[in-house]
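Next come the chains, spelled out residue by residue.
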Amino acid sequence: MSVWDDLVGQDRVQEQLGAAAQDADALVTAVSSGERVPPGSRMTHAWLFTGPPGSGRSTAARAFAAALQCTSPDRALVGGAPGCGFCDGCHTSLVGTHADVEVVRTDLLSIGVKETRELVRRAQLSPAVGRWQVIILEDADRLTEGAGNVLLKAVEEPAPRTVWLLCAPSLEDVLPTIRSRCRHLTLRTPPVDAVADVLIRRDGIDPERAASAARATQGHIGRARRLATDEKARARRAAVLKLPLRVDDIGGCLKAAQELIDTAAEDAKQVAEEVDVKETEDMKTALGAVAGGRMPRGTAGVMKELEDKQKRRRTRTQRDSLDLALTDLTGFYRDVLALQLGSQIALSNVDVQDALDRIARSSTPERTLRRIEAVIACRRALDRNVAPLLAVEAMTMALRAG
């Protein structure tokens, strides 16, 4: 098993990263032995991975980090390609325990200046045990403008053995000054068949369920895995796909909108119950809470900061849950449009074929397009921090009007 096995349907990207890892290996070996650095290296200090959700941006970045840290003595015998997947460097990089691979992800709305400065400070250090100091920023699109400017300096003047791996949905989501200093790799949405094969081969999922999940999520690996393994996720999706049949009158529109918001809030509450309580208790213990839960003097500010962070995380979780529901809704109307136009493309939601046929017969392609535009407008409104209930109610009313 190599480090690239989880990188589904990205042969071109895998080839480029494999070549860069090979050159990086030669570069480190040359420097360590005092030899001349090979010319024309395909390795560089900053990379930007872009692609649609589910394409495997962070997976590609982690695999590349593992290949850079590969220490297998046999790599020269396998075409000179690092990334065996078995050595200590590969294994610890993939599971997130390598001392020189920092993976940064956030469940908050943004990444601020304070966190970015800490990353930049770490980037100046030499590798402790590995061949490179690798920093993976999974949500580079969430950097605030100030944080982006802090990061720019580190990308412009990198330490000799530091590599930045940035991930974002598109080039436009990253500051022009940063993306111009990175080597850009574009990932595509993996084929549905390839995603189903991974679910069967790596997760032991029943072939029929794996195929259904991959088809329903249109190649989004993470969502497909969750849909195939989580009964609650399947129930939430089924409820969302019933929404187009419930907007026949104003009362139905408002009720459907409220239920969608309530479901997203429940998701956020569930995450909070799993994470917040333990996080709060750990913080209290670290600050020296005494019997009865009383906190030492001078710690109120720290606890308030933690509460604010948890509140922002709940907001982000609710937004993500809503966005997932809206993605499923867009897929539903896309299938309706395909039926109305007589397209031969595969439908994503064959499990609700009756609902698709009913909406397709009672509407027109023009009205379906307007409904898709209403869902997209709702997603944009949520991105602009419009009150979620207001945005979703406006969408359901637009779906009714067509």
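Up top you'll find the structure we're talking about.
Heads up: these notes are all about the structure in this document. What you see is a predicted model; the values in this text were computed from it and never measured.

**Quick notes on the overall build of the protein**
Along the backbone of the protein there are 15 helices and five strands. The C-alpha radius of gyration computed for the protein amounts to 24 Å, which stays within 12% of the reference 21 Å derived for 402 residues, consistent with globular compactness. C-alpha atoms of the protein, sized along the principal axes, occupy 75 × 65 × 40 Å. Scored against the burial criterion, the 402 residues of the protein give a buried share of 46%. Considering only intrachain contacts with a sequence separation of at least 6, the fraction spanning at least 24 residues in the protein is 72%. For the protein, the accessible area works out to roughly 20200 Å², and carbon and sulfur atoms hold 52% of it. Counting 56 positive and 55 negative side-chain charges, the protein places the averaged centre of each group 3 Å from the other.

**Topic: the pattern of salt bridges**
Inspection of every chain in the model, using the stated rule, returns 18 salt bridges. Residue Arg201 is joined to Asp197 by a salt bridge in which the shortest nitrogen-to-oxygen separation is 3.4 Å. Of this pair, Arg201 and Asp197 both sit in helix α7 (residues 192–203), separated by four residues, roughly a single helical turn. With relative accessibility at 45%, the residue Arg201 sits in the partly exposed group. On the basis of relative accessible area, Asp197 is assigned to the partly exposed category, the value being 40%. Residue Asp203 is joined to Arg225 by a salt bridge in which the shortest nitrogen-to-oxygen separation is 2.9 Å. Of the two residues, Asp203 is situated in helix α7 and Arg225 in helix α9 (residues 221–229); the sequence distance between them amounts to 22 residues. Classification of Arg225 by relative accessible area gives partly exposed; the value is 29%.

**Section: a negative patch on the surface**
Together, Asp262, Glu266, Glu273 and Glu274 line one region of the surface with negative charge. Looking at where Glu266 falls in the secondary structure, it is placed in helix α11 (residues 250–287). Residue classification places Glu266 among the partly exposed positions, given a relative accessible area of 46%.

**Here's the deal with the environment of Gly288**
Structurally, Gly288 is set in the loop between α11 and α12 (300–341). The class for Gly288 is partly exposed, based on a relative accessible area of 35%. Sequence separation of Gly288 and Thr299 is eleven residues, and the distance between their C-alpha atoms is 9.4 Å.

**Observations regarding the packing of aromatic side chains**
Under the definition given, this model contains two aromatic pairs. Measuring from centroid to centroid gives 5.1 Å for Trp47 and Phe64, while their planes differ by 70 degrees, and the two rings are edge-to-face. With Trp47 in strand β1 (residues 46–50) and Phe64 in helix α2 (residues 57–69), the pair connects residues that are 17 residues apart, well separated along the chain. Phe64 shares its class with Trp47; the two are buried. On the basis of an interplanar angle of 85 degrees and a centroid distance of 5.5 Å, the ring pair of Phe332 and Tyr333 is categorised as edge-to-face. When sorted by exposure, Phe332 lands in the same class as Tyr333, which is buried.

**Considerations on the side chain of Ser348**
Among the secondary structure elements, Ser348 is positioned in the loop between α12 and α13 (353–361). A distance of 3.2 Å separates polar atoms of two side chains, one belonging to Ser348 and the other to Arg334. If sequence neighbours within four positions are ignored, Ser348 has contacts with Arg215, Ala216, Gln218, Arg237, Arg334 and Asp335.

**Comments concerning the sheet that holds strand β3 (residues 133–137)**
Ordered in space as β2-β3-β4-β1-β5, the five strands form an open sheet in which the pairing is parallel. Here the strands that pair on one side only, and so sit at the sheet edges, are β2 (101–104) and β5 (183–186). Across this sheet, the average inter-strand angle for adjacent strands is 15 degrees, counted without regard to direction. Here β1 runs beside β5; their pairing, made up of four bridges, is parallel. Paired with Trp47 across the two strands is Arg183, which belongs to β5. Sheet contacts for α2: β1, β2, β3 and β4 (162–168); angle to β4, the most-contacted strand, approximately 165 degrees.

**Topic: the pairing of β1**
For β1, the tally of buried residues reaches five of five residues, placing the bulk of the element in the interior. Taking every second residue as pointing to the same face, both faces of β1 are buried, with Ala46, Leu48 and Thr50 on one and Trp47 and Phe49 on the other.

**Quick look at a nonpolar patch on the surface**
On the surface, Ile250, Leu254 and Met397 cluster together to form a nonpolar patch covering roughly 230 Å² of accessible area. By the element assignment, Ile250 lies in helix α11. The exposure class assigned to Ile250 is partly exposed, which follows from its relative accessible area of 45%.

**Quick notes on unusual backbone geometry**
Its identity as a non-glycine residue notwithstanding, Gln218 has a phi of 55 degrees, on the positive side. At Asn385, a position not held by glycine, the phi torsion is positive, near 65 degrees. Its place among the elements puts Asn385 in the loop between α14 (365–383) and α15 (388–401). In this structure Asn385 comes out as exposed when scored by relative accessible area, which is 54%.

Here is what the cut-offs are and how they apply
Residues numbered from 1 in each chain as written. Predicted model: local features only at pLDDT ≥ 70, side-chain atom pairs only at ≥ 80, totals over all residues. Heavy atoms only, no water. Helix = DSSP H or I, 4+ residues; strand = E, 2+ residues; numbered from the N terminus. Rg over C-alpha atoms; globule rule 2.2 N^0.38 Å. Buried < 20%, exposed > 50% of the residue type's maximum accessible area, 1.4 Å probe, protein only. Contact = heavy atoms within 4.5 Å. Areas by Shrake-Rupley, 256 points an atom, 1.4 Å probe, with all protein chains shown as cover. Lys, Arg positive; Asp, Glu negative; His and termini not counted. Charge placed at Lys NZ, Arg CZ, Asp CG, Glu CD. Salt bridge = Lys/Arg side-chain N within 4 Å of Asp/Glu carboxyl O. Patch = residues over 30% accessible without salt bridge, like charges linked within 9 Å, V, L, I, M, F, W, Y side chains within 5 Å. Phe/Tyr/Trp six-rings, centres within 6.5 Å; stacked < 30°, edge-to-face > 60°. Polar contact = N/O pair within 3.5 Å; in protein donor to acceptor, adjacent residues only side chain to side chain. Pairing = 2+ DSSP bridges. Axes fitted to C-alpha atoms, helices over the stretch in contact; angles between N-to-C directions.

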